[in-house]
Amino acid sequence: MIYVGGIPFSPDDSSQLVGTDEATTCVGVVIRNCNSGMISVAHMDFPEVVEGGLEQMLSLVADNDSDTLLDVHLLGGFDDISSQNSDLAMESRTESGGYSHSLCAKIVETLRNRSEKFQIQTLHVLGHNTKWDSKGIAYPIFHGFVVDTSTGLIIPASFDGTSRCPDDIVRRIRVTSSYEDPNWTGRLLDTYDTSTDQFVIAPCAWTIRQQRIAQALQGLSDTELLLSCSSSPYAEGPDFVDNERRKWDYLIKNPDWRKTFPAKQPRIFQRTADGTWAKQ
């Protein structure tokens, strides 16, 4: 199984399941070529990455046949404007209709404006993916899914720390630091190489500024951390705070990104015979 968590991926026969989770206001996107069966999966978190991200995904699964149908599945995002978060977060969401709404609208608009032929098979987003507790606070029904790469079947799923594939912390840091690295502007973090069955984690730079931010955030209480660092603090999973603290601890201890990526080379992990991943 391959865990996505913010990257596009196109599987070959070596992988049977690919998935993502931890989606609150984010959206998981699956595109499947109905002729070839090739699948690309992405975890998108803000509208500015949608056009470039879909271009990346389609470059992996589309072919030269203009009549090829491409199945699309969208799962994630929820009615976050209804969630009773901090006043500041509520104010920013009210202006745009919520983080999830603007992201979903951008995905659908971009698909509509492209020349390929799409069939939206699953649209489990926004109100369709929302539940409310007794206090009227909104939550996503599903935070993630897996795709059977042989059939294209989508199954709701969540993952624990043992199933999120290699180099979890460095990959999380890349998601955060990529916003300040011009090499990744408008791009998704393409990490898995289907031709070699390897995780190839390309270098991404982070700055001393991010180390200082990490030091400041590490001093917050768990409640303060959620309100400061999440777009949906009441909807996060139980390991959100721990994952954030592990990420900041790494940044504090490793302020120079070049020590993580010596000579600006990628970190490569090869699948072993027992299904685990070994650093090359």
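Residues numbered from 1 in each chain as written. Predicted model: local features only at pLDDT ≥ 70, side-chain atom pairs only at ≥ 80, totals over all residues. Heavy atoms only, no water.

K.L.:
Describe the pairing of strand 5 (residues 69-76), and please don't skip the residues or the numbers.
P.N.:
Both faces of the sheet carry side chains from a regular strand, because those side chains alternate between them. Among the 8 residues that make up strand 5, 7 are buried, leaving the element largely enclosed by the rest of the structure. The pairing of strand 3 (residues 27-33) with strand 5 spans 7 bridges and is antiparallel. The residue bridging Ile 31 from the neighbouring strand is Val 72, located in strand 5. (Buried < 20%, exposed > 50% of the residue type's maximum accessible area, 1.4 Å probe, protein only. Helix = DSSP H or I, 4+ residues; strand = E, 2+ residues; numbered from the N terminus. Pairing = 2+ DSSP bridges.)

K.L.:
Residues and numbers for the packing of helix 4 (residues 168-177) against helix 7 (residues 240-253), please.
P.N.:
For the pair helix 4 and helix 7, interaxial distance at closest approach is 9 Å and the crossing angle is 85°. In terms of orientation, helix 4 lies roughly perpendicular with respect to helix 7. Along the contact surface, helix 4 presents Asp 168, Ile 169, Val 170, Arg 172, Ile 173 and Thr 176, while helix 7 presents Asn 243, Arg 246, Lys 247, Tyr 250 and Leu 251. Within the contact of helix 4 with helix 7, the residues separate by chemical class into 5 nonpolar, 2 polar and 4 charged. (Axes fitted to C-alpha atoms, helices over the stretch in contact; angles between N-to-C directions. Parallel < 35°, antiparallel > 145°, perpendicular 65-115°, else oblique. Contact = heavy atoms within 4.5 Å. Nonpolar A, V, L, I, M, F, W, Y, C, P; charged D, E, K, R; others polar.)

K.L.:
Describe the packing of aromatic side chains, listing the residues and the values that go with them.
P.N.:
This structure, assessed with the given rule, holds 6 aromatic pairs. Members of the aromatic cluster, connected to one another through ring pairs, are Tyr 192, Phe 199 and Trp 277. Lying across the ring of Trp 184, Arg 174 places its NZ or CZ 5.5 Å from the centre. (Phe/Tyr/Trp six-rings, centres within 6.5 Å; stacked < 30°, edge-to-face > 60°. Lys NZ or Arg CZ within 6 Å of the ring centre and 35° of its normal.)

K.L.:
Go over the packing of helix 6 (residues 222-229) against helix 7 with me, naming the residues and quoting the values.
P.N.:
Between helix 6 and helix 7, the shortest axis-to-axis distance is 10 Å and the interhelical angle comes to 85°. As far as their axial angle goes, helix 7 and helix 6 are roughly perpendicular. On the side of helix 6, the interface is formed by Asp 222, Leu 225, Leu 226 and Cys 229, while helix 7 contributes Phe 240, Val 241, Glu 244, Arg 245 and Trp 248.

K.L.:
Describe a nonpolar patch on the surface, listing the residues and the values that go with them.
P.N.:
On the surface, a cluster of nonpolar side chains totalling about 230 Å² of accessible area is made up of Val 108, Ile 120 and Leu 123. Of note, Leu 123 is situated in strand 6 (residues 117-125). Residue class for Leu 123 comes out partly exposed when judged on its relative accessible area of 42%. (Patch = residues over 30% accessible without salt bridge, like charges linked within 9 Å, V, L, I, M, F, W, Y side chains within 5 Å. Areas by Shrake-Rupley, 256 points an atom, 1.4 Å probe, with all protein chains shown as cover. Salt bridge = Lys/Arg side-chain N within 4 Å of Asp/Glu carboxyl O.)

K.L.:
Give a detailed account of helix 3 (residues 99-113), specifying residues and quantitative values.
P.N.:
Between its first and last C-alpha, helix 3 extends 22 Å over 15 residues, near the 21 Å set by a 1.5 Å rise per residue. Among the residues making up helix 3, those that are buried are Ser 100, Leu 103, Cys 104, Ile 107, Thr 110 and Leu 111. Looking straight down helix 3, one finds its buried side chains confined to an arc of 130°; they lie on one side. Exposed side chains of helix 3 directed beyond 90 degrees from the buried face belong to Arg 112 and Asn 113. On its buried face, helix 3 sits against strand 3, strand 4 (39-44), helix 1 (50-61), strand 5 and strand 6. (Expected span 1.5 Å × (residues − 1). Arc of directions from axis to C-beta.)

Function cannot be inferred from these measures alone, as they are strictly geometric.
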